[in-house]
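One-letter residues, chain by chain:
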Amino acid sequence: MFENPPLRAGSPASPARQRAASGSGLAGPPGWPNGVPPPGERGWDHRATAWLLDHCPPDYRLYPAWRRHPVALAWFTVRHLDAQLDAMRSAYREVRVELVDDIGPEGVAQVLSDLECEGVRLLSARRAAGLLLDALRGLEFVPRL
């Protein structure tokens with residue numbers, strides 16, 4: 001689907017962590033979610049948890065384990081977004097046959113256009129969730145030269 005960025009286990013003394021902690025504006029890798037500061041900045045994990053909860057079913061905010069264990073939340077969010085992508089792709093394949101009699105060719109074209117836009121949004125969210133999962137596991141993005 002897409003290539004993951006190179007990662008390595010981070011250490012507290014690594015230059016990237018020191019730059020992030022100093023507030024230099026260092027951002028995460030390409031695809032890092034907007035509004036979530038990079039690892040090492042104060043409160044980044046709380047913002048990451050909020051972003052992840054925004055991409056899960058709303059009722060998941062009721063369960064304290066997701067906030068207590070953000071790695072588990074990120075792990076689940078990746079799977080949830082994968083399932084949404086599968087459902088969207090299935091709908092895209094089947095809409096022409098299943099709904100043409102109900103909504104006509106013009107309606108099918110509109111639905112296909114909306115599904116394409118949703119696919120782009122879901123792919124972006126899936127990549128961001130995967131990057132957050134890696135960061136919460138302590139892996140560090142290493143830019144390629």
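Residues numbered from 1 in each chain as written. Predicted model: local features only at pLDDT ≥ 70, side-chain atom pairs only at ≥ 80, totals over all residues. Heavy atoms only, no water.

Draft legend 1. Geometry of the confidence of the model for the protein. Residues of the protein with pLDDT of at least 70 account for 81%, and the chain-wide mean is 86. The least confident element of the protein, judged by mean pLDDT, is helix H1 (residues 15–21) at 40; the most confident is helix H4 (residues 70–136) at 97. Within the model, the stretch residues 1–25 combines pLDDT values under 50 with 45 contacts to residues more than four positions away or in other chains. (pLDDT = per-residue confidence, 0-100. Helix = DSSP H or I, 4+ residues; strand = E, 2+ residues; numbered from the N terminus. Contact = heavy atoms within 4.5 Å.)

Draft legend 2. Here's a closer look at the pattern of salt bridges. Under the criterion given, the structure shown has 3 salt bridges. Put simply, Asp-54 and Arg-61 hold a salt bridge, and the shortest N to O gap is 2.2 Å. Residue class for Arg-61 comes out partly exposed when judged on its relative accessible area of 35%. (Salt bridge = Lys/Arg side-chain N within 4 Å of Asp/Glu carboxyl O. Buried < 20%, exposed > 50% of the residue type's maximum accessible area, 1.4 Å probe, protein only.)

Draft legend 3. Structural context of the nonpolar core. Counting 26 residues, the largest nonpolar core has Trp-32, Val-36, Trp-44, Trp-51, Leu-52 and Leu-132 as its most contacted members. Only helix H2 (44–54) and H4 provide two or more residues apiece to this core. At 17 residues, H4 tops the list of elements feeding residues into this core. The residues touching Val-36, leaving out its near neighbours within four places in the chain, are Trp-44, Arg-47, Ala-48, Trp-51 and Leu-132. (Core = buried A, V, L, I, M, F, W, Y, C linked by side-chain atoms within 4.5 Å.)

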